[in-house]
Structure formats: C-alpha cells, structure tokens
Amino acid sequence: MDMLIGGKYISGDDLEEVKNPYNGEVIDTIPIAHLQTAQLAIDEANNAKSKLVEMSAFKVSNKLQNVVEKLKDKRQEFAELLTLEVGKPINESLVEIDRSIETLKLAAEEAKRIYGESVPLDAGLNGKGFFAFTQKLPLGVVAAITPFNYPLNLTIHKIAPAIACKNTVIVKPPTEAPLTVMKFCQLLDGEFPDGVVNTITGYGSEIGDYLVCSSDIDKISFTGSVTTGLMISQKAGMKKVTLELGGNDPLIVLNDANIDNAVKGVINGAFLNAGQVCMGVKRVIVQNGVADEFASKLVEETEKLVMGNPMDDKTNLGTLISQNAAIQVEQTVNDAIDKGAKVLTGAKRDGAFYHATVLDNVKMDMDLVSRETFGPIAPIIRVDSLDEAIEVANDTEYGLQAGVFTSDYKAAMRCVREIESGTVFVNKQSTFRTDNMPFGGFKNSGIGKEGIKYAVEEMTKTKLIGLNLR
Ligand code: NAD
C-alpha cells in the first residue's frame, strides 16, 4: 500500500512485506521511506494548515461525521484487514472498529465545542477596565506515532482530535501492522483538503526519529513503549509531547471479593488480544484467604478459551504479533518457572501462538512481573494483607490503570487513594476504557491524557486577547 502525502499516493524503492502472523503469508508491502520523503510529508502538512484553519467548525464536524459513515459501511472489511495484520480474533477486531467509529464520532461532536472563556482581568491588581477572553488555537502540525496492538483506534485517538481542532497530521503507523491505518487515512483524505492527513511508513528509529527532531512539527503524539517514549522526550525539543506508554497493571483480589467476578476480570484483562494490551492485567495480586479457590476457578475458565485461526469467530485467543514476540514471552515465562513460579495451565508456544497461561507463586523480582510482559499470562502473586497488596501494586515503574475486587468500601477507598496510577477501577479490571474518558498513566506510563476532549486540550494553544476599555 502506498503512502499518502499531499493528496498523492507515493511508493518507494525499498519495500517491506507485511505478513499475517497466523500463516506467514504476505498481505501487502509498504515503502520504507527515505528522509527526503519524510520532509516532503512535513512540507505538505505545513502547506495545508491554512486550508484547514479556513474551514468552519461546522464543516470540519460534518466532514468527520462523513468519515464515521464511511467507516461504518466498511466495518467488516476493516476488521478483516486488522485481523490479517495483527492476528487478533475477528470478534476483537470488530470491537476495535466499533470503538474507532465511536472515537471519530466523539471528535466530530467535539469539533463544535472548541472555545475559550472570558477572563476577569479586574480580579487582578490594575486589571480594571479590560474586556479579555481566550481563544483555543491549533498548534499546527501534529505527528502521530503509533503501536501495533490497537493500530486503528489508537491512531484515531490522535488524528481525530487533531483535525477537530484544525491541526494537520502526519501519521507514522507501526511497521508490523500499518495497513488498516493507511486505508483509514484514505477515507479521511476523501473529505479534507490535500495534505491535511499524510502517512509515512518506515522504521521508527529513522522516520519516527526524523519527525521527533523536526522543528517544522508542533506536536508529537506518541503511543508505544517506555524505551521509545523516553528517547522521544529527550529529543523533541520545545514542541509539545504526549506520551501514552506501557503498563504493568495490577488486579487485586481481596478476601471479601466476589471471586467469580474477579476471575472474569482476569480472563478479560490478561488474555485480550493475546495479552498485548497496555492496560492489560499483568499482575494478579490475591489475598491468601481466597487464593486457592481463585486459582482453581481461574484455571477452569482459562482452559475454556479457544485458541486458533483468528478469522474464525469462535476463536478467543489469536497469535502474538510475530513468532519472535512469542519466543520472547516463552523465554520470560521459562525464566519465571526456573525461579520458582508454578505452572497451573499453559506455558507452551506454537509458532506465533502462546497458550493462555496461569502461573502461581510469582514473585516481584521475576522479570515476568518486574517488566511489562506482552503475552497471555496471568501471574498470581499471593499476599497476606491489604497493606501488602497495595505495596506490591505500587512496586513498579509503571502506573497506567489498576483494578481492585472487594466488597469493603473502606478497603476500596484505600486502594483508590494509595495506588499510583492514572485510573483505579473498583470491581472492574484495569482493561477497560471508554473513548471519552481521560486516559493516560502516572510514573513511566506516560505524560498527558487522551480521550477526545482531553486530547484536544493537549493539541491546542491558548491565546489571551485583552481590550483596554479605560
Ligand atoms: P514501540 O515503542 O516499539 O513502537 C511504537 C511506534 O514508535 C512504532 O510506530 C515505531 O515504529 C515507532 N518508533 C520506534 N522507535 C522510534 C524512535 N526512535 N523514534 C520515534 N518513533 C519510533 O512500541 P510497540 O512495540 O509497537 O507497542 C507496544 C508498546 O506500546 C507496549 O509497551 C504497550 O504497553 C504500549 N502501548 C501503550 C498504550 C497506551 O495508550 N498507554 C497503548 C498501546 C500500547
């Protein structure tokens, strides 16, 4: 698939194959762009700024709404392409497309609500006699750099608010799974002037880095790993940066929890998208009084999951993004087993598949839980008390989301107060997000928030206008 730059479709001399992780078949190729092409995309995005700014908010909103309708019409086609390139079960791809439609719709609505406020300068010393107000202005050009696991919805979380507040966009999709995003940008291009949305493909360390360092880009909106995020924060200079990074989310089960609901929380949180979810349940912290009952029910439910062809609508567990990714998970699990973790079920690899796995007796000094593991693993860490549960939950560089299962509201409120993460859910696993909520982590999980209204805030600048009426 070609890149879209300034309304034209552009290929390149060097091509990279995009492969289906399920059967290794080549789905398509993408250009590995050179830096001159990246500069062309930057120039085109800058040239298009005035065309977008001149459009009324009414028109921008309607055009985004038109794209909503186009994506609805192509729901199945987009879902199938997503499953082909990511290996996620078709039912999960359909959910991602539905959420993408919702995210776009929210942006079409938000495009009509971008305004400042009047400011009472007379509340400050010598401020009497002014009429003052603020305006929310676009930043200019936003570069969206995104990961492979939810490529479409996570990219729309950047493109849609950026356009809603009249920024032009350059999208650098993930090299492993770029196609759904590139195809979506073609829908947008049909509605907006040339250059409002551009796609550039290639290696993150070259093309991504070039965008990050460019002084002709006004904002980097990045979702991906902490390692890349840290590099971006060091190189971006004076431009605005939003970083949505990794997670190591805890799910706490206290002695008074509804065990069936907590088990459901782990099934939905640890195995979704084969565990390749930033807000996936990565540590299951269980109080000793219920640990045996919880573990046996979790194993029973885990063994009901159907692993297989991601295109089959009975499949619950697809492949990882590649065989290499599955091998990495295998090595991390084997290391934990060598250090004393007990396998309750799973712990096997088949090509790019990794079986849904439950491990017991996991300790925080194992790499499996001290780092972010991107695979279908539910590691049980047993604790004696609420104090210990909170201590373990916070014993990580990450702080994206968290969930606690308990029927004691005082215990729940202690978790809400003391767990250091961007979101704490009570009686719900961390793996839950609506597309309007403020989403973004504490600590090394990132900087800034997404969720359309919050993303718009981070993609605009505020100007104050003061009229001296004295
Ligand atoms: P990654 O950091 O390897 O890549 C993300 C994107 O950055 C890709 O498009 C890649 O090409 C690009 N990139 C790589 N090096 C770059 C550089 N030096 N400069 C600029 N861009 C560069 O991440 P990934 O493996 O694709 O995704 C998995 C990670 O993303 C996990 O850590 C996961 O938790 C995180 N994630 C976070 C969220 C969130 O919202 N917080 C959501 C999904 C995934």
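What you are looking at is a predicted structure, and each value in this text was computed from that prediction instead of being measured.

What counts, and where the lines are drawn
- All chains use their own residue numbering, which begins from 1 and follows the written sequence.
- Only residues with pLDDT of at least 70 are given local features in this predicted model, and only at 80 or more are side-chain atom pairs given and counted; all residues enter the totals for whole chains, interfaces and linings.
- The side-chain values count all of the structure's non-hydrogen atoms but skip hydrogen atoms and water molecules.
- Both cavities and pockets are sets of points on a 1 Å grid over the protein atoms alone; in a cavity a 1.4 Å probe fits but cannot get out, in a pocket the set is open with protein on both sides within 12 Å along at least five of seven lines, and lining residues sit with an atom within 4 Å of a point.
- Grid points are joined across faces, edges and corners, and a volume is the space filled by probe spheres set on the points.
- In this text, helices come from DSSP runs of H or I with a minimum length of four residues, and strands from runs of E with a minimum of two, each type numbered from the N-terminal end.
- Gly falls in the polar group here, along with every residue not listed as nonpolar (Ala, Val, Leu, Ile, Met, Phe, Trp, Tyr, Cys, Pro) or charged (Asp, Glu, Lys, Arg).
- The domain boundaries here were taken from an automatic or database domain assignment.
- By this definition, two strands are paired if DSSP reports at least two bridges between them.
- Axis geometry follows a simple rule: fit a line to the C-alpha atoms, using only the stretch in contact for helices, then measure angles between N-to-C directions, giving values from 0 to 180 degrees.
- For classification purposes, an angle smaller than 35 degrees is called roughly parallel, one larger than 145 roughly antiparallel, one from 65 to 115 roughly perpendicular, and anything else oblique.
- Each helix crossing is assigned a hand: it is left-handed if the near helix lies turned anticlockwise from the far helix by less than a right angle, otherwise right-handed if that turn is clockwise.
- Whether two residues touch is decided by their heavy atoms; if any such pair falls within 4.5 Å, the residues are in contact.
- Any carboxyl oxygen of Asp or Glu within 4 Å of a side-chain nitrogen of Lys or Arg constitutes a salt bridge here.
- Any residue with a non-hydrogen atom lying within 4 Å of a molecule or strand is treated as near it.
- Contacts described as polar in this section are N or O atom pairs within 3.5 Å, which, within protein, must combine one atom able to donate a hydrogen with one able to accept it, while residues neighboring in sequence count only if both atoms come from side chains.
- Only the protein chains shown count as cover for residues, and all accessible areas are computed by the Shrake-Rupley method using a 1.4 Å probe.
- A simple way to read buried area is as the amount of 1.4 Å-probe accessible surface that goes missing from two parts once joined, with both sides added.

(A) Broad picture of the layout of surface pockets. Approximately 570 Å³ is the volume attributed to the second largest pocket. Lining the second largest pocket are 26 residues, and of these E92, V95, Y150, N268 and L272 sit closest to its centre. The set of elements that each furnish at least two residues to the lining of the second largest pocket consists of α5 (90-110), α6 (151-164) and α10 (259-270). Looking at the lining of the second largest pocket element by element, the count peaks at five residues for α5. Among the residues making up the lining of the second largest pocket, the classes are represented as 14 nonpolar, seven polar and five charged. Per-domain counts for the lining of the second largest pocket show at least three residues from each of domain 1 (3-245 + 445-468) and domain 2 (249-434).

(B) Spotlight on the pairing of strand β3 (residues 15-19). Strand direction decides the pairing type here: β3 and strand β4 (residues 26-31), joined by five bridges, are antiparallel. By the bridge assignment for β4, E17 is matched with T29. As consecutive antiparallel partners, β3 and β4 are separated by six residues, and within that stretch G24 has a phi angle of approximately 75°, a positive value.

(C) Inspection of the packing of helix α14 (residues 386-394) against helix α15 (residues 409-418) at higher detail. Contact geometry of α14 with α15 gives a least axis separation of 11 Å together with a crossing angle of 25°. Between α14 and α15, the interaxial angle falls into the category roughly parallel. Crossing hand, α14 versus α15: right-handed. Contact residues: α14 offers L386, D387, I390 and N394, while α15 offers A411, R414, C415 and E418. For the contact of α14 with α15, the per-class residue count stands at four nonpolar, one polar and three charged.

(D) Broad picture of the pattern of salt bridges. Applying the stated criterion across every chain yields a total of 24 salt bridges. R75 is paired through a salt bridge with D98; the nearest N and O atoms lie 2.7 Å apart. In this pair, R75 is assigned in helix α4 (residues 75-86) and D98 in helix α5, connecting sequence segments 23 residues apart. With a shortest N-O distance of 2.9 Å, K304 and E301 are connected by a salt bridge. Salt bridges linked by common partners bring K63, K70 and E191 together as one network.

(E) Quick look at the sheet that holds strand β17 (residues 357-360). Pairing is mixed across the open sheet formed by seven strands, whose spatial order is β14-β17-β18-β13-β12-β19-β20. Only two strands of the sheet have a single neighbouring strand rather than two, namely β14 (342-345) and β20 (423-426). Within this sheet the neighbouring strands show an average axis-to-axis angle of 25°, counted without direction. Here strand β13 (residues 281-287) pairs with strand β18 (residues 377-383) via four bridges, running parallel. Bridging across to β18, V284 finds its partner in I380. Here α15 sits on the sheet in contact with β12 (249-253), β19 (401-405) and β20, set at roughly 170° to β20.

(F) Region of the structure containing the site of the ligand. Around the ligand, 28 residues are found, and the nearest of them are T146, S225, T228, L245 and E372. E372 is positioned such that a nitrogen or oxygen atom in its side chain is 2.6 Å from an oxygen atom of the ligand. In the complex, the protein chains occlude 88% of the 850 Å² of accessible area that the ligand would expose alone. The set of elements that each furnish at least two residues to the shell around the ligand consists of α8 (204-213), β10 (219-223) and α9 (226-235). No other element matches the four residues that α8 contributes to the shell around the ligand. Of the residues in the shell around the ligand, the class split is 13 nonpolar, 11 polar and four charged. Residue assignment places the shell around the ligand across two domains, with domain 1 (3-245 + 445-468) and domain 2 (249-434) each supplying three or more.

(G) Spotlight on the domain arrangement of the protein. In terms of domain boundaries, the protein breaks down into domain 1 (3-245 + 445-468) and domain 2 (249-434). Computed over C-alpha atoms, the centres of domain 1 and domain 2 are 31 Å apart. Taken together, the 26 residues of domain 1 in the interface contact 28 residues of domain 2. Taken as a group, Y22, F148 and S445 account for 25% of the area that domain 1 buries against domain 2, more than any other trio of residues on that side. Our count for the domain 1 to domain 2 interface comes out at zero salt bridges. Applying the counting criterion to the domain 1 and domain 2 interface returns eight residue pairs in polar contact (both at pLDDT 80 or more).

(H) Local environment of the sheet that holds β10. Read from one edge of the open sheet, six strands run β9-β8-β7-β10-β11-β21, paired in mixed fashion. Of all the strands in the sheet, just β9 (197-199) and β21 (446-447) have a single pairing partner and so form its edges. Relative to β9, strand β8 (residues 168-172) is paired through three bridges, and the arrangement is parallel. Paired with V169 across the strands is V197, a residue of β9. Of the strands in this sheet, β7 (141-145), β8, β9 and β10 are in contact with α6, which crosses β8 at around 165°.

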